[in-house]
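Here is what each chain is made of, one letter per residue.
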Amino acid sequence: MESEIALRDIINILAKRKRSIMLFGMVFGAIALFYALLTPPIYKASTSVLLPTSKNNAALEIFSSGMEGLRGLGGVSKGQLVVGILRNQTIIDKIIDQFDLMNVYEEKYRVKMREVVISRILEAAVDAESGIITVSVLDEDPEKATRMANSFIEELQNEMRSLAIDEAAQRRMFFEEQARQAYELLSNAEDELQKYQETSGLVAMEPQMEVLLSSIASMRAQIAAKEVEISSLRTYAKSSNPQLKRTGSELAALKNELTKLEEQEQEKNSKGSTVPTNSLREAPQKGLEYQRKLRDVKYAMSMYELIMKQLESAKMDESSDLLFVQVLNFAVPPDYKFKPKRAFIVIQGIVSGLSLGMLWALGKIYSANVKRYVNPT
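As the structure is a prediction and not an experimental result, all values here were calculated from the model. (Residues numbered from 1 in each chain as written. Predicted model: local features only at pLDDT ≥ 70, side-chain atom pairs only at ≥ 80, totals over all residues. Heavy atoms only, no water.)

## Focus: the sheet that holds strand β3 (residues 132-139)
Note the following rule: Paired strands, in this sense, are two strands between which DSSP finds at least two bridges. Going along the chain from the N terminus, every DSSP run of H or I of four or more residues is numbered as a helix, and every run of E of two or more is numbered as a strand. Orientation is described by lines fitted to C-alpha atoms, with helices fitted over the stretch in contact, and by angles between N-to-C directions that extend from 0 to 180 degrees. Any two residues whose heavy atoms approach within 4.5 Å are treated as being in contact.
The sheet built from four strands is open, its strands ordered β2-β3-β1-β4 with antiparallel pairing. Either end of the sheet is taken by a strand with one partner, and the two such strands are β2 (122-126) and β4 (326-329). Put simply, the sheet's adjacent strands are angled 30° from each other on average, direction ignored. The strands touched by helix α5 (residues 78-86) within the sheet are β2 and β3, with β2 carrying the most contacts at an inclination of about 165°.

Below is the structure:
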């Protein structure tokens, strides 16, 4: 090639072929306009909800415990978890059936229809700062888009409530069994103490020792209750669950306090602390046995009271009708189309045509130069 094409030469070339370039722009602009006019208008109906704020976010905890792997890879927020619930197969199928989308979109396979809903109909976005989730639905009919958007939120609430009630029912049944066992333990401990009092004649003990034994029994009951709570959490939460970790730390602290109290008890027993009755002074072994049986009664009583409190809490959770997402605003029929943006489409078509025309003009000159270089005259 004899010389490189300068910028001025390129401008001259484009100027000489401006009619052809303009023709490209007009043709592509006309095609874009034709496409924009034939494309039916699409309306977008949106509704906003707030992330769960209730302390009883059982449904969210269940779902998030199954997403721990994703959280470790890149971080999954609560908002993303709620959006994941919104896009699950159960909710999508209910919307498909409710609005007969299989026939509307002429889809033979449900799995394909689910993909259409997720990719073309449903939009969900999370504002990380405010925690607000915006759910939008796109459809040719603004009324239908509005009904569908509100139905998505209704099904989301139903799904989260169902998950939470299932978990609460499991906890309620678990604590009912634990309460039954605790009641049997208390009854047996009371019977044993009564029998021992009848056979030994011991009915009282040193007040300071009684307070210490009460503290030990209460501490053991709290430890047992924490262990029961951990067992309950493990029915639906994995080992990395924050609540499970926190409860484990509380259990370790209670065990440490119990060790200190038991050391105090041993110290008092080693100093000869006994029940202030003649029979106990004559028979310290009987006094020690009496202390143990009384401690068992106090432990069983504290354990039963703690389990009953947790049982009542589980019953309240099961019977409560909590809304796990708060609707900030329901969708209303939009009064303007979301797409297509006809002006933008036409402008984009014209620009694309002009660009292609310029490339065509430069390509013609380049081809001519190559031919002259290969076959010089």
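## Considering the pairing of β3
Defined as follows: Here's how the labels work: a residue is buried when its accessible area is under 20% of the maximum for its type, exposed when over 50%, partly exposed in between, all with a 1.4 Å probe on protein chains only.
Burial analysis of β3 places six of its eight residues in the buried class, which makes it a mostly covered element. Relative to β3, strand β1 (residues 43-50) runs antiparallel, the two being bridged by eight bridges. Along β3, the bridge assignment pairs S48 with T134. Sheet analysis places β2 next to β3, joined by five bridges and oriented antiparallel. Among the inter-strand pairings, E123 is bridged to a residue of β3, identified as S136. What sits between the antiparallel neighbours β2 and β3 is a turn of five residues, in which G131 has the positive phi angle 75°.

## Regarding the side chain of T146
Looking at the element boundaries, T146 is found in helix α9 (residues 142-200). Classification of T146 by relative accessible area gives buried; the value is 7%. When neighbours within four sequence positions are excluded, T146 is seen to be in contact with A45, A331, V332, P333 and P334.

## Remarks on a positive patch on the surface
The line we're drawing: Patches in this entry comprise residues that are over 30% relatively accessible and not in a salt bridge; like charges within 9 Å are linked, as are nonpolar side chains (Val, Leu, Ile, Met, Phe, Trp, Tyr) within 5 Å. Computed with the Shrake-Rupley method and a 1.4 Å probe, the accessible areas treat only the protein chains shown as cover for residues. Every case where a carboxyl oxygen of Asp or Glu lies within 4 Å of a side-chain nitrogen of Lys or Arg is listed as a salt bridge. Note that His is not counted, nor are the chain ends; the positive residues are Lys and Arg, and the negative ones are Asp and Glu. The atoms used to mark charge sites are NZ of Lys, CZ of Arg, CG of Asp and CD of Glu.
The grouping of R120, K337, K339 and K341 at the surface amounts to a positive patch. Structurally, K339 is set in the loop between β4 and α14 (342-374). Among the residues examined, K339 registers a relative accessible area of 38% and is labelled partly exposed.

## Comments concerning the pattern of salt bridges
Going through the model one piece at a time under the given rule, you end up with nine salt bridges. Note that E123 is salt-bridged to K44, the shortest N-O span being 3.1 Å. You can see E123 sitting in strand β2 and its partner K44 sitting in strand β1, a full 79 residues away along the chain. Among the residues examined, K44 registers a relative accessible area of 26% and is labelled partly exposed. Here R110 makes a salt bridge to D93, at a shortest N to O gap of 3.6 Å. One end of the pair, R110, is in helix α8 (residues 110-121); the other, D93, is in helix α6 (residues 89-98), with 17 residues separating them in the sequence. Residues participating in the shared-partner salt-bridge network are D93, D97, R110 and R114.

## Focus: the environment of M358
If you trace the backbone, M358 turns up in helix α14. Between the C-alpha atoms of M358 and R17, which are 341 residues apart in sequence, the distance is 8.5 Å. Those residues within four positions of M358 in sequence are excluded, and the remaining contacts are L14 and I21.

## Overview of the packing of aromatic side chains
What counts, and what does not: The pairing test for Phe, Tyr and Trp rings, Trp by its six-membered ring, is centres within 6.5 Å, and the orientation test on the planes gives stacked under 30 degrees, edge-to-face over 60, and tilted for anything in between.
Taken as a whole and assessed by the stated rule, the structure comprises three aromatic pairs. Their ring planes at 40° and their centres at 5.7 Å tell us that F24 and W360 sit as a pair that is tilted. In this pair, F24 is assigned in helix α2 (residues 18-38) and W360 in helix α14, connecting sequence segments 336 residues apart. Here F24 falls in the partly exposed class, since its relative accessible area comes to 24%. Overall, W360 belongs to the partly exposed group, its relative accessible area being 32%.

## Some points on unusual backbone geometry
Residues other than glycine seldom take positive phi values, yet D100 does so here, at roughly 50°. Here D100 shows up in the loop between α6 and α7 (101-104). Its identity is not glycine, yet E106 carries a phi of approximately 55°, on the positive side. Here E106 lies in the loop between α7 and α8.

## Observations concerning the nonpolar core
Formally: Definition of nonpolar core: a set of buried residues of the types Ala, Val, Leu, Ile, Met, Phe, Trp, Tyr and Cys, connected through side-chain atoms within 4.5 Å.
L101, M113, V117, I121, M148 and F152 are the most contacted members of the largest nonpolar core, which totals 31 residues. The set of elements that each furnish at least two residues to this core consists of β1, α5, α6, α7, α8, β2, β3 and α9. For this core, the element with the most residues is α9, which contributes seven residues. Sequence-distant contacts of V117, that is, excluding residues within four places in its chain, are made with I92, I96, L101, L122 and F152.

## Looking at α6
How we decide: Between N or O atoms, a polar contact is any pair within 3.5 Å; within protein, one atom must be a potential hydrogen donor and the other a potential acceptor, and residues adjacent in sequence are included only when both atoms are from side chains.
Buried within α6 are the following residues: I91, I92, D93, I95 and I96. Two or three places before T90, at the start of α6, stands the capping residue N88, its side-chain oxygen 2.9 Å from that residue's backbone nitrogen. Two residues or fewer past α6, D100 is found with a positive phi of approximately 50°.

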